[in-house]
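Listed here are the chains, written in short residue letters.
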Amino acid sequence: MESDSDFCRRMLAEELKRHKKEQKILFSSALTGGVGVGLFLLRFFVIPYLGENELAQNVIVFFAFALMGYTGIIVLTFMFARRWLMQVQFLLTWVALPVLFIKIMEMLE
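This write-up is about the structure you can find in this document. (Residues numbered from 1 in each chain as written. Predicted model: local features only at pLDDT ≥ 70, side-chain atom pairs only at ≥ 80, totals over all residues. Heavy atoms only, no water.)

Points about the packing of aromatic side chains
Next, step 1: Under the definition given, this model contains three aromatic pairs.
Next, step 2: Consider the rings of Phe40 and Phe44, whose centres lie 6.1 Å apart with planes at 80 degrees: the pair is edge-to-face. In this pair, Phe40 and Phe44 both sit in helix α1 (residues 4–50), four residues apart, roughly one turn of the helix.
Next, step 3: Summarising the aromatic geometry, the rings of Phe63 and Phe101 are spaced 5.5 Å apart at their centres and angled 45 degrees between planes, so their arrangement reads as tilted. Here Phe63 is found in helix α2 (residues 54–80), whereas its partner Phe101 is found in helix α3 (residues 85–108), with 38 residues between them in sequence.
Next, step 4: Counting every residue linked through ring pairs, the aromatic cluster contains Phe40, Phe44 and Phe65.
Next, step 5: Between Arg43 and the ring centre of Phe40, over which it is positioned, the NZ or CZ distance is 4.4 Å.
Next, step 6: Note that Arg82 overlies the ring of Phe78, its terminal NZ or CZ placed 4.0 Å from the centroid. (Phe/Tyr/Trp six-rings, centres within 6.5 Å; stacked < 30°, edge-to-face > 60°. Helix = DSSP H or I, 4+ residues; strand = E, 2+ residues; numbered from the N terminus. Lys NZ or Arg CZ within 6 Å of the ring centre and 35° of its normal.)

Listed below in structure tokens is the structure:
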């Protein structure tokens, strides 16, 4: 039979493991948001080289807002529904972002 201290130790280990995963998700999300903000600011320097190509400018802005939105959703999920964080991150990474990339590719055609 398991003693109370073993049970507490096992629960603490599981809690620490979940906390480390949450930290990794938030860190990668912060990096993604930084890339989005960087793209948004970089477009002011890139626009003179794009000329009058409105489509390319719109794609850069759309992609920048998509990355910043990804970070916003992850942070809001962390703040209000922490137990769903890993599922939301999986859904955004493997469903939402590929759909947005497909939309971008359709815009370019």
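Further notes follow.
A closer look at the environment of Leu39
Next, step 1: When you line up the elements, Leu39 lands in helix α1.
Next, step 2: By relative accessible area, Leu39 is classed as partly exposed at 21%.
Next, step 3: Spatially, the C-alpha atoms of Leu39 and Val61 are 7.6 Å apart, while their sequence positions differ by 22 residues. (Buried < 20%, exposed > 50% of the residue type's maximum accessible area, 1.4 Å probe, protein only.)

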